[in-house]
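Next come the chains, spelled out residue by residue.
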Amino acid sequence: MTQQAGGWGGPRGSAGSAGGAGHAGSVGETGPIGRAATPRGPNVVAVGGGHGLAATIRGVRRYAGSTTAVVATADDGGSTGRLRSAKDMPAPGDLRRCLVAMAGIEQLPLGRALEYRFAGTDVEGHALGNLLLKALGEVTGDFTAAVDEVARLLGLDPEVARVLPATVEPVRLRGVTEDGREVVGQVAVSTTEGIARVALDPPDARAPDGLVDAVKAADQVVFGPGSLYTSVLAAAVVEDLRAAVAATAAQRVYVCNLRAEAAETRGYDVVRHVEAVRNHGIDIDVVLVHRPDRGAGGVDLGAGAGVKIVAADVARPHGLAHDSVKLGAALAALISSS
C-alpha cells in the first residue's frame, strides 16, 4: 500500500517542531544549514554516495540530532580514478562532496574551493578536496583520520556530524550480470545493462571504527538516493555495515531514485529497486518514492513490493534531482510516525 508522507511532528519522544524547519542560518536548498544539531532530534545514519547522498545529508541535518554519513569508496573514475591509479587508496571524491554537504558550505568560498578543479597545470582535472584528502592520508597514514581532519577544518563536531568512508582500505567493485558475465570497476558497472549483483574486492574489507556503533545507536538508517549498484549498494554491501543494519532497531528507509538510469537500472520500477536491495542482504522497512504535485518525475511503482511505500513530493521542480529540503521533511515525517 502506498501512503503519502505527512508533516514533521518531531523526533521520537519530542514535543514536536514546525514542519520543514531548518537550522538557524538556513538559506535554502544549497546554502549553509548551520553547525548545531536539532535539539532532541533523532540519530540518523545515511548510506550511499555521489550527489544523491549529498542531498540526503543536507536534508537529514535539518531534523537530526546527530548525522553520520557512510560513503562508498569504490569509485574509479575521473580525478578519483587517476589518484587511485598512482597509489591505491579509498576513493576520495564522494567523501569530499559529502563533507562539503555536511558543513552546508557549497556556495561559500571554502566549499567552492574544495570542489575546484585545476586547469592548465600538472594537476589538471583534480579537485582540491581530493588532493587534500590524499595528502592528509599520506601524512597521517590513516584515511579515516584524513577525513576526520578535513571535517575538523570545516568546523564539524564529530558528536553531531561525521562523515565516514565505508571501508578503511581500497576496494574494487565487481558486478555480475543476469547472464553471468563479470564486470570489474565502478565505471564499468555503471555503464553495463543487466547487472544482477555487486560485491567488493576484497570481500572482507573492514569498516572504520565508529561505523557499527553509529548504526547501533541510530533511530533511522537511510539508503540513497543515488545509483543503485554503484553508490548505494557499493557502500551497503560492506559486511560490517550489512550486519549492523540487520541487527539495528532503527527504521530502515530506502529513498528510490527519481528515474531509472540509462544502463545499470535500465527499465527498473520501484519494485525492482527494492528487490535488488533485498537480494544483497539489506532489509528495508519503508520505501520513500517521489509523488510529483505537478510536472515530471518519479519511477513507476510496479507491483508486489512487499514493503511499505510512502509517496511524497521530494524532487526539485524540474524533476531531475531530489530537493534536500523536501527530502528532509519527508524523512522526518517517516521517523516521527514510526
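Scope of this entry: the structure provided in the associated data block. Model, not experiment: these values are computed from the prediction.

Conventions adopted
Throughout this document, residue positions are counted from 1 along each chain, in the order its sequence is written. Per-residue local features are limited, in this predicted model, to residues with pLDDT of at least 70; the limit for side-chain atom pairs, both in listing and counting, is 80 or more; totals at the level of whole chains, interfaces and linings are taken over all residues. The side-chain figures draw on all heavy atoms in the structure; neither hydrogens nor water molecules are used. Helix and strand labels come from DSSP, where a helix needs a run of H or I of at least four residues and a strand needs a run of E of at least two; each type is numbered from the N terminus. Here's how the labels work: a residue is buried when its accessible area is under 20% of the maximum for its type, exposed when over 50%, partly exposed in between, all with a 1.4 Å probe on protein chains only. Note on contacts: a residue pair is in contact if any heavy atoms of the two residues lie within 4.5 Å. Accessible surface area values rest on a Shrake-Rupley calculation with a 1.4 Å probe, where residue burial reflects the displayed protein chains alone. Whenever a carboxyl oxygen of Asp or Glu lies within 4 Å of a side-chain nitrogen of Lys or Arg, that contact is scored as a salt bridge. By nonpolar core is meant a set of buried Ala, Val, Leu, Ile, Met, Phe, Trp, Tyr and Cys residues that side-chain atoms within 4.5 Å join together. Pairing between strands is defined by DSSP: at least two bridges between them are needed. Here an angle of 0 to 180 degrees is reported between the N-to-C directions of two axes, which are lines fitted to C-alpha atoms, with helices fitted over the stretch in contact. Aromatic pairs are defined between Phe, Tyr and Trp rings, using the six-membered ring for Trp, whenever the two ring centres lie within 6.5 Å; interplanar angles under 30 degrees are classed as stacked, those over 60 as edge-to-face, and all others as tilted. For classification purposes, angles smaller than 35 degrees are called roughly parallel, those larger than 145 roughly antiparallel, those between 65 and 115 roughly perpendicular, and all remaining angles oblique. Crossing handedness is defined as follows: a turn of the near helix away from the far one that is anticlockwise and smaller than a right angle gives a left-handed crossing, while the clockwise case is right-handed. Lys, Arg, Asp and Glu make up the charged group, whereas Ala, Val, Leu, Ile, Met, Phe, Trp, Tyr, Cys and Pro make up the nonpolar group; the residues left over, Gly among them, are polar. How far a helix is expected to stretch is found by multiplying one less than its residue total by 1.5 Å. What qualifies as a polar contact is a pair of N or O atoms within 3.5 Å, subject to a donor-acceptor requirement within protein and to the restriction that residues adjacent in sequence count only when both atoms come from side chains.

**Things to note about the overall build of the chain**
Now for step 1: Helix and strand counts for the chain stand at 12 helices and 11 strands.
Now for step 2: Of all 338 residues assigned to the chain, the portion counted as buried reaches 54%.
Now for step 3: A fraction of 70% describes how many contacts in the chain between residues 6 or more apart in sequence connect residues 24 or more apart.
Now for step 4: Accessible surface for the chain amounts to roughly 13,400 Å². Of this, 51% is attributable to carbon and sulfur atoms.

**Remarks on the pattern of salt bridges**
Now for step 1: According to the stated counting rule, one finds 14 salt bridges in the structure shown.
Now for step 2: A salt bridge links Arg58 to Glu106; its shortest N-O distance comes to 2.9 Å. You can see Arg58 sitting in helix 1 (residues 50-60) and its partner Glu106 sitting in the loop between helix 3 (93-103) and helix 4 (109-115), a full 48 residues away along the chain.
Now for step 3: Put simply, Arg174, Glu182 and Asp201 are held in one network by salt bridges that share partners.

**Overview of the nonpolar core**
Now for step 1: Ranked by size, the top nonpolar core spans 49 residues in total, and within it Phe223, Tyr229, Tyr254 and Val287 carry the most contacts.
Now for step 2: Not counting the four nearest positions on each side in its chain, Phe223 is found in contact with Val47, Val232, Ala236, Val245, Val253, Tyr254, Val255, Ile282 and Ile284.
Now for step 3: Of all hydrophobic cores here, the second largest spans 29 residues; its members include Ile105, Leu136, Leu156 and Val163.

**Considerations on the sheet that holds strand 7 (residues 195-201)**
Now for step 1: Pairing in this open sheet of 3 strands is antiparallel, and the strands run 6-5-7 from one edge to the other. Two strands bound the open sheet, and with one partner strand each, they are strand 6 (182-184) and strand 7. Strand-to-strand, the axes of this sheet are offset by a mean angle of 25 degrees, without reference to chain direction.
Now for step 2: Pairing of strand 5 (residues 172-177) with strand 6 involves 3 bridges; the strand directions are antiparallel. Note that in strand 6 the partner of Gly175 across the bridge is Val183.
Now for step 3: Packed onto the sheet, helix 9 (residues 228-236) meets strand 5 and strand 7 and runs at close to 50 degrees relative to strand 7.

**Overview of the pairing of strand 8 (residues 220-223)**
Now for step 1: Neither face of strand 8 is open: one carries Gln220 and Val222, the other Val221 and Phe223, and all of them are buried.
Now for step 2: When strand 8 meets strand 9 (residues 251-255), the two strands line up parallel, connected through 4 bridges. Bridge pairing in strand 9 places Val222 opposite Val253.

**Observations concerning the packing of aromatic side chains**
Now for step 1: Evaluated as defined, the whole model comprises 2 aromatic pairs.
Now for step 2: Between Tyr116 and Phe118, the ring centres sit 5.3 Å apart and the planes meet at 85 degrees, which makes this aromatic pair edge-to-face.
Now for step 3: On the accessibility criterion, Tyr116 (45% relative accessible area) is partly exposed.
Now for step 4: Arranged with centres 6.4 Å apart and planes meeting at 80 degrees, the rings of Tyr229 and Tyr268 form a pair that is edge-to-face. One end of the pair, Tyr229, is in helix 9; the other, Tyr268, is in the loop between strand 9 and helix 11 (270-279), with 39 residues separating them in the sequence. There is no split in this pair, since Tyr229 and Tyr268 are both buried.

**As for the packing of helix 5 (residues 128-140) against helix 6 (residues 143-153)**
Now for step 1: At a closest axis distance of 8 Å, the pairing of helix 5 and helix 6 adopts a crossing angle of 125 degrees. Regarding the angle of helix 5 to helix 6, the classification is oblique. Read as a crossing pair, helix 5 and helix 6 show a hand that is right-handed. From helix 5, Leu132, Leu133, Leu136, Gly137 and Thr140 reach across to helix 6, where they touch Phe143, Ala145, Ala146, Val147, Glu149 and Val150.
Now for step 2: Of the residues that constitute the contact of helix 5 with helix 6, the class distribution is 8 nonpolar, 2 polar and 1 charged.

**A look at helix 12 (residues 324-336)**
Now for step 1: With 13 residues, helix 12 extends 18 Å from end C-alpha to end C-alpha; this agrees with the ideal 18 Å at 1.5 Å per step.
Now for step 2: In the core, the buried residues of helix 12 are packed alongside helix 1, strand 8, strand 9, strand 10 (286-290) and strand 11 (308-312).
Now for step 3: Two to three positions downstream of the cap, the backbone nitrogen of Val325 sits 2.9 Å from a side-chain oxygen, assigning the N-cap of helix 12 to Asp323.

**As for unusual backbone geometry**
Now for step 1: Following Asp201, the chain continues into Pro202 via a peptide bond in cis, with omega recorded as 5 degrees.
Now for step 2: As for its position among the elements, Pro202 is in the loop between strand 7 and helix 8 (211-216).
Now for step 3: With an omega of 0 degrees, the peptide bond between Gly224 and Pro225 qualifies as cis.
Now for step 4: Looking at the secondary structure, you find Pro225 in the loop between strand 8 and helix 9.

**Looking at the environment of Ser79**
Now for step 1: Take Ser79: it is sitting in helix 2 (residues 78-86).
Now for step 2: Residue Ser79 is classed as buried on the basis of its relative accessible area, which comes to 5%.

**Focus on the side chain of Asn257**
Now for step 1: Examined against the element boundaries, Asn257 turns out to sit in the loop between strand 9 and helix 11.
Now for step 2: In this structure Asn257 comes out as buried when scored by relative accessible area, which is 10%.
Now for step 3: Only 2.8 Å separates the side chain of Asn257 from the backbone nitrogen of Gly226, close enough to count as a polar contact.

That's the geometry; what it means functionally is another story.
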